[in-house]
Amino acid sequence: MKTVNHWIGGKPVEGASGEYGPVYNPATGAQDTRVAFASVAEVDAAVAAAKEAFATWGTISLAKRTAILYKYRELLDAHRDEIAALITAEHGKVHSDALGEVARGLEIVELACSIAEKLKGELSTQVSTGVDVASIRQPLGVVAGITPFNFPAMVPMWMFPVAIACGNTFVLKPSEKDPSASRRLAELAAEAGLPDGVLNVVNGNKVAVDRLLEHPDIAAVSFVGSTPIARYIQAKAIEHGKRVQALGGAKNHMLVLPDADLDFAADNAINAAYGSAGERCMAVSVVVAVGDTGDELVKKIADRAARLRIGPGDDPASEMGPLITKEHRDKVASYVHGAAAQGAEVVVDGTGYTVEDHPECADGFFIGVSLLDKVPTTADAYRDEIFGPVLCVVRAETYDEAIELINSSKWGNGTAIFTRDGGAARRFQLEVEAGMVGINVPIPVPVGYHSFGGWKDSLFGDQHIYGNDGVQFYTRGKVITTRWPAPSEEVGINLGFPKNH
């Protein structure tokens with residue numbers, strides 16, 4: 001059985017705790033990999049390696065940092081198929097989707113390659129007689145990232161390239177469900193010339209997470225995951241004096257106005273709801289149909305859902321793969337099974353789906369797509385983050401009713417409007433309470449030079465991830481006031497508060 005160990009100080013380190021977790025192939029249900037779970041001592045060793053590396057990496061020139069990052073970008077590009085295959089094998093998403101994940105992660109590496117522009121300081125001369133003031137940004141030291149299973153390559157690349165480009169060193173704790181992609185990212189970074197200890201990977205469970213949150217030598221923690229865990233991460237990190245950005249869950253709404261192109265809207269609803277089997281924090285979970293659009297729109301979505309090809313991610317014919325675990329599959333199915341009793345109409349029930357063309361997938365964690373119509377806002381399928389291929393449709397008579405419904409959600413990650421009316425779109429982008437808004441774009445994940453983050457229970461912390469917010473998060477400001485008095489200049493004694501003149 002393959003074992004995924006830690007990566008500490010630029011080399012693989014076998015687990016010493018004796019504890020391991022199973023890593024499954026979701027398409028077959030078989031376990032052919034295990035992952036070592038780090039003890040407190042092993043987390044401490046990773047932090048010590050990062051702290052030692054920071055002594056030199058934090059002061060190395062921007063030119064040398066970016067030269068390594070440019071080489072790293074080329075290696076990632078050359079190995080993108082290999083990384084995507086690791087994602088498919090352990091997460092289950094189809095290969096094209098995994099390639100897209102790697103491509104979006106590469107955007108952030110490219111952003112990190114231009115870090116010199118982002119770290120430019122400011123200088124004001126002669127702010128007072130003979131006095132200049134400069135502002136600079138400096139790295140924090142050792143920082144950590146705790147990342148989810150649904151994007152095992154992209155989300156780590158949202159964090160560590162920017163952090164290390166800013167001069168920090170990094171300890172990554174990836175999901176224990178699909179750890180191989182993160183480990184490969186670290187190996188390629190070393191191949192690119194990243195010094196030992198700058199990027200470390202420790203695998204594990206709550207023991208490793210809590211030690212990272214408590215460790216006195218870690219200055220900041222980045223997290224992406226569910227809302228309850230994000231809230232916990234923020235509270236515990238702050239308790240131990242750390243800077244924190246914790247991105248939580250979502251229930252993203254897609255508003256469809258009567259003037260929208262319903263074929264276009266239906267295509268995008270299918271793509272956004274069922275892509276990656278719905279295991280995306282930016283998936284569309286709810287379509288809000290305004291006016292008399294609902295019946296026709298639901299029919300169009302149902303027709304398209306029936307034609308989706310579901311199978312193992314390494315089959316080029318598959319459009320959607322399995323869920324990450326059997327337990328998660330069963331939980332997703334429970335929302336569909338209970339929907340009718342809570343007032344929803346079950347238009348498409350995909351819970352009994354089996355993969356007939358692949359006998360090796362008989363024990364895989366597959367589920368078909370489901371479509372629920374006229375879902376009450378009190379139903380569990382509406383209230384909870386399902387994180388699977390279940391799309392809810394709710395009805396609203398007017399735009400005002402729809403926007404009130406969306407803004408009443410406790411989440412505010414992403415949202416979208418589909419319309420031909422520019423005035424309505426402009427009003428929506430200003431009135432909706434969400435951090436990322438799409439206008440005829442169902443999954444408005446920002447490009448790398450903007451920042452990703454939600455509102456309300458979708459973000460705990462003040463700053464979003466990557467982009468300018470990422471640079472701000474991984475650095476701290478310093479202001480330097482300089483005066484070089486002339487040899488004959490006399491100041492004299494004056495105990496009053498200094499004034500500029």
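The structure under discussion appears in the preceding block.
**Quick look at the overall build of the chain**
So, point 1. Assigned secondary structure in the chain consists of 16 helices and 23 strands.
So, point 2. Classification of the 501 residues of the chain by burial places 55% in the buried group.
So, point 3. The contacts of the chain with a sequence gap of at least 6 include a subset with a gap of at least 24, amounting to 74%.
So, point 4. Here the chain displays about 21,000 Å² of accessible surface, and carbon together with sulfur accounts for 52% of that area.
So, point 5. The positive charge centre, built from 46 side chains, and the negative charge centre, built from 63, are 6 Å apart in the chain.

**Here we look at the environment of P12**
So, point 1. With respect to the element layout, P12 can be found in strand β3 (residues 11-13).
So, point 2. Exposure remark for P12: the relative accessible area of 49% places this residue in the partly exposed category.
So, point 3. In this view, P12 contacts H6, W7 and R183; residues no more than four positions away in its chain are not counted.

**Points about the pairing of strand β6 (residues 122-128)**
Within a regular strand, side chains alternate between the sheet's two faces.
So, point 1. Inspection of the sheet shows β6 paired to strand β7 (residues 131-139) by 4 bridges, in the antiparallel sense. Note on β7: the bridge partner recorded for L123 is A134.
So, point 2. If you look at the hairpin formed by β6 and β7, you'll find 2 residues sitting between the two strands, and G130 has a positive phi there, around 75°.

**Overview of the pattern of salt bridges**
Think of it this way: side chains of opposite charge can pair up when their charged atoms draw near.
So, point 1. A full pass over the atoms with the stated rule returns 32 salt bridges.
So, point 2. Among the ionic pairs, K93 bridges to E101, the shortest N-O distance being 2.8 Å.
So, point 3. Taking relative accessible area as the criterion, K93 reaches 2% and is therefore assigned buried.
So, point 4. Judged by relative accessible area, E101 falls into the buried class, the value being 2%.
So, point 5. Here K456 and E433 are joined by a salt bridge, their closest N and O atoms 3.7 Å apart. With K456 in strand β21 (residues 455-456) and E433 in the loop between α15 (422-431) and β20 (436-439), the pair connects residues that are 23 residues apart, well separated along the chain.

**Structural notes on the packing of helix α1 (residues 40-57) against helix α8 (residues 206-214)**
Axes are the key here: two packed helices are described by the angle between their axes and the distance separating the axes.
So, point 1. The geometry of α1 relative to α8 is characterised by a closest axis approach of 9 Å and an angle of 45° between their N-to-C directions. Classified by the angle their axes make, α1 and α8 are oblique. Crossing of α1 against α8: the hand is right-handed. Taken together, the residues of α8 that come into contact with α1 (itself represented by V40, V43, D44 and V47) are V207, A208, R211 and L212.
So, point 2. Residues that form the contact of α1 with α8 fall into these classes: 6 nonpolar, no polar and 2 charged.

**Comments concerning the sheet that holds strand β5 (residues 30-36)**
Sheet strands pair by backbone hydrogen bonding; their relative direction is either parallel or antiparallel.
So, point 1. Ordered in space as β1-β5-β4, the 3 strands form an open sheet in which the pairing is mixed. The sheet is open, and its two edges are formed by β1 (2-4) and β4 (20-25), each paired on a single side. Pairwise comparison of adjacent strand axes, ignoring direction, gives a mean angle of 35° for this sheet.
So, point 2. Direction of pairing for β4 relative to β5: antiparallel, over a ladder of 6 bridges. When the sheet's bridge partners are listed, P22 is paired in β5 with R34.
So, point 3. Packed on one face of the sheet, helix α3 (residues 80-90) meets β1, β4 and β5 and runs near 100° to β4.

**Topic: the packing of aromatic side chains**
So, point 1. Inspection of the entire model under this criterion finds 9 aromatic pairs.
So, point 2. Their ring planes at 80° and their centres at 6.0 Å tell us that Y24 and F365 sit as a pair that is edge-to-face. Placement of Y24 in strand β4 and of F365 in the loop between β15 (345-348) and β16 (370-373) is noted, with a sequence separation of 341 residues between them.
So, point 3. Among the residues examined, Y24 registers a relative accessible area of 32% and is labelled partly exposed.
So, point 4. Between the aromatic rings of W158 and F452, the centroid separation amounts to 4.5 Å while the plane-to-plane angle is 40°, which identifies the pairing as tilted. Of this pair, W158 sits in helix α6 (residues 154-165) while F452 sits in the loop between β20 and β21, and the two are 294 residues apart along the sequence.
So, point 5. Here the aromatic cluster, defined as three or more aromatic residues joined through ring pairs, consists of Y72, F160 and F170.

**Some thoughts on the state of the cysteines**
So, point 1. Scanning all chains against the criterion turns up 0 disulfides.
So, point 2. Here C113 is not cross-linked by a disulfide; its sulfur's nearest cysteine counterpart is in C166, at 13 Å.
So, point 3. Taking the relative accessible area as the measure of exposure, C166 reaches 2% and is therefore buried.

**Observations concerning the sheet that holds strand β13 (residues 252-256)**
So, point 1. Taken in spatial order, the 7 strands line up as β15-β16-β17-β14-β13-β19-β20 in an open sheet, and their pairing is mixed. Both outer strands of the open sheet, β15 and β20, are each paired with one neighbouring strand and no more. Taking the axes of each pair of neighbouring strands and ignoring which way they run, one obtains an average angle of 20° across the sheet.
So, point 2. When β16 meets strand β17 (residues 390-396), the two strands line up parallel, connected through 3 bridges. Along β17, the bridge assignment pairs L371 with L391.
So, point 3. Taken strand by strand, α15 contacts β13, β19 (414-418) and β20, and its axis lies near 165° from that of β19.

Reading guide: rules and limits
Residues numbered from 1 in each chain as written. Predicted model: local features only at pLDDT ≥ 70, side-chain atom pairs only at ≥ 80, totals over all residues. Heavy atoms only, no water. Helix = DSSP H or I, 4+ residues; strand = E, 2+ residues; numbered from the N terminus. Buried < 20%, exposed > 50% of the residue type's maximum accessible area, 1.4 Å probe, protein only. Contact = heavy atoms within 4.5 Å. Areas by Shrake-Rupley, 256 points an atom, 1.4 Å probe, with all protein chains shown as cover. Lys, Arg positive; Asp, Glu negative; His and termini not counted. Charge placed at Lys NZ, Arg CZ, Asp CG, Glu CD. Pairing = 2+ DSSP bridges. Salt bridge = Lys/Arg side-chain N within 4 Å of Asp/Glu carboxyl O. Axes fitted to C-alpha atoms, helices over the stretch in contact; angles between N-to-C directions. Parallel < 35°, antiparallel > 145°, perpendicular 65-115°, else oblique. Left-handed = near helix turned anticlockwise from the far one by under 90°. Nonpolar A, V, L, I, M, F, W, Y, C, P; charged D, E, K, R; others polar. Phe/Tyr/Trp six-rings, centres within 6.5 Å; stacked < 30°, edge-to-face > 60°. Disulfide = S-S within 2.5 Å.

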